[in-house]
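Structure assessment
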Amino acid sequence: MEIGVIKFGGSSLGSPQARSRVVQILKSLCTDRKVIAVVSAMGRYPAPYATDTLMSLAEGLTARQQDQLISVGELISTLKMHSLCRHCGICSAPLNTRQLGIITDDHYGQAQVLEVRTETLRQTLRQADCVIVPGFQGMTKDQEITTLGRGGSDYTAMLIAAALNLKEVHIVTDVDGIYDRDPKQDPQAQRFDRIDYDRLLELIDQGAQVMQRQSIEYARQHQLRVWVGSLMNPGKGTWIGA
């Protein structure tokens, strides 16, 4: 059974039109493989379910309570995309945080992953063509929800791929690959067709907000090839690898 892992960022889910494009991508992928779709919260601040919007409601909450609050965005995305997939004829199934099996410590806001339990995920893959899961979060052994830090949905995709012994991850975001400079600020920025882990980590350390550093370190450790591209321009992208 061939399995693909693809992660969709918040900007790729922020409008009905964008979500419709995501569904069509998933429908195409499901013709020849099983698909695990990792989803971020829909949209960007001030969209109602965006992570920063939810965080703006968290004044006075403890770190544990903040994680409970902001994790809701990804769960909403999971169920919304499942609904759209079913309506489009895709045999999909959603998993919640507990079912996903990412077990962490209780360092709320920046939890460290202890293990990934794949039993429920594997069973669901046997029953559905597309399994939709929430990014950015895990659960302690006491079943308290935790979050994995800013950009943690990238990390979720890497964790799942490695736990299933896969070799690749696809990341769909709002830019068509990795650039040497911010293309939104500098029209002369050059896109990399390929970039190695260490060079990308250098760019991140220099302030590039392209992916979560922890996720790239994890990809390097497990030798995962990662494709980063845009929903709007699927023909372009950057491969990250050794």
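Up top is the structure.
Residues numbered from 1 in each chain as written. Predicted model: local features only at pLDDT ≥ 70, side-chain atom pairs only at ≥ 80, totals over all residues. Heavy atoms only, no water.

Mapped onto the fold, W239 is located in strand 12 (residues 237-241). It is 22 Å that separates the C-alpha atoms of W239 and R21, two residues lying 218 residues apart in sequence. Look past the residues within four positions of W239 in its chain and what remains in contact with it is E168, H170, D193, R194, I195, R225, V226 and W227. (Helix = DSSP H or I, 4+ residues; strand = E, 2+ residues; numbered from the N terminus. Contact = heavy atoms within 4.5 Å.)

Moving on, we get to the sheet that holds strand 1 (residues 3-8). Hydrogen bonds between backbone groups are what pair the strands of a sheet, and the pairing can be parallel or antiparallel. The strand order 3-6-2-1-9-11-12-10 describes an open sheet built from eight strands, whose pairing is mixed. Edge positions in the open sheet fall to strand 3 (92-94) and strand 10 (194-196), since each of these has one partner strand only. For this sheet the average axis-to-axis angle between neighbouring strands, irrespective of direction, equals 20°. Where strand 1 and strand 9 (residues 168-173) come together, three bridges link them in parallel fashion. What sits directly across from I6, in strand 9, is H170. Set on the sheet, helix 4 (residues 72-87) makes contact with strand 2 (34-39), strand 3 and strand 6 (130-134); between it and strand 6 the angle comes to about 160°. (Pairing = 2+ DSSP bridges. Axes fitted to C-alpha atoms, helices over the stretch in contact; angles between N-to-C directions.)

With that settled, consider the packing of aromatic side chains. This model, assessed by the stated rule, comprises one aromatic pair. Ring centres 5.6 Å apart and planes at 75° place the aromatic pair Y155 and Y218 in the edge-to-face group. In this pair, Y155 is assigned in helix 7 (residues 152-163) and Y218 in helix 9 (residues 213-222), connecting sequence segments 63 residues apart. The burial state of Y155 is the same as that of Y218; both residues are buried. Lying over the aromatic face of W239, R225 brings its terminal NZ or CZ to 3.9 Å of the ring centre. (Phe/Tyr/Trp six-rings, centres within 6.5 Å; stacked < 30°, edge-to-face > 60°. Buried < 20%, exposed > 50% of the residue type's maximum accessible area, 1.4 Å probe, protein only. Lys NZ or Arg CZ within 6 Å of the ring centre and 35° of its normal.)

With that settled, the discussion passes to the pairing of strand 1. For strand 1, a buried count of six out of six residues is recorded, marking the element as mostly surrounded by other parts of the structure. In strand 1, alternate side chains face the same way, and those of I3, V5 and K7 on one face and G4, I6 and F8 on the other are all buried. Strand direction decides the pairing type here: strand 1 and strand 2, joined by six bridges, are parallel. Looking across to strand 2, one finds that G4 is bridged to V35. Traced from strand 1 through helix 1 (residues 16-29) to strand 2, the parallel crossover comes out right-handed. (Right-handed = clockwise from strand over helix to strand, strands pointing away.)

Take the nonpolar core next. Among the nonpolar cores identified, the biggest contains 39 residues, and V5, I36, I160 and I240 are the most heavily contacted of them. Here this core gets seven residues from one element, more than from any other, and that element is helix 7. Residues I6, F8, V22 and M42 belong to the second largest nonpolar core, which totals 19 residues. (Core = buried A, V, L, I, M, F, W, Y, C linked by side-chain atoms within 4.5 Å.)

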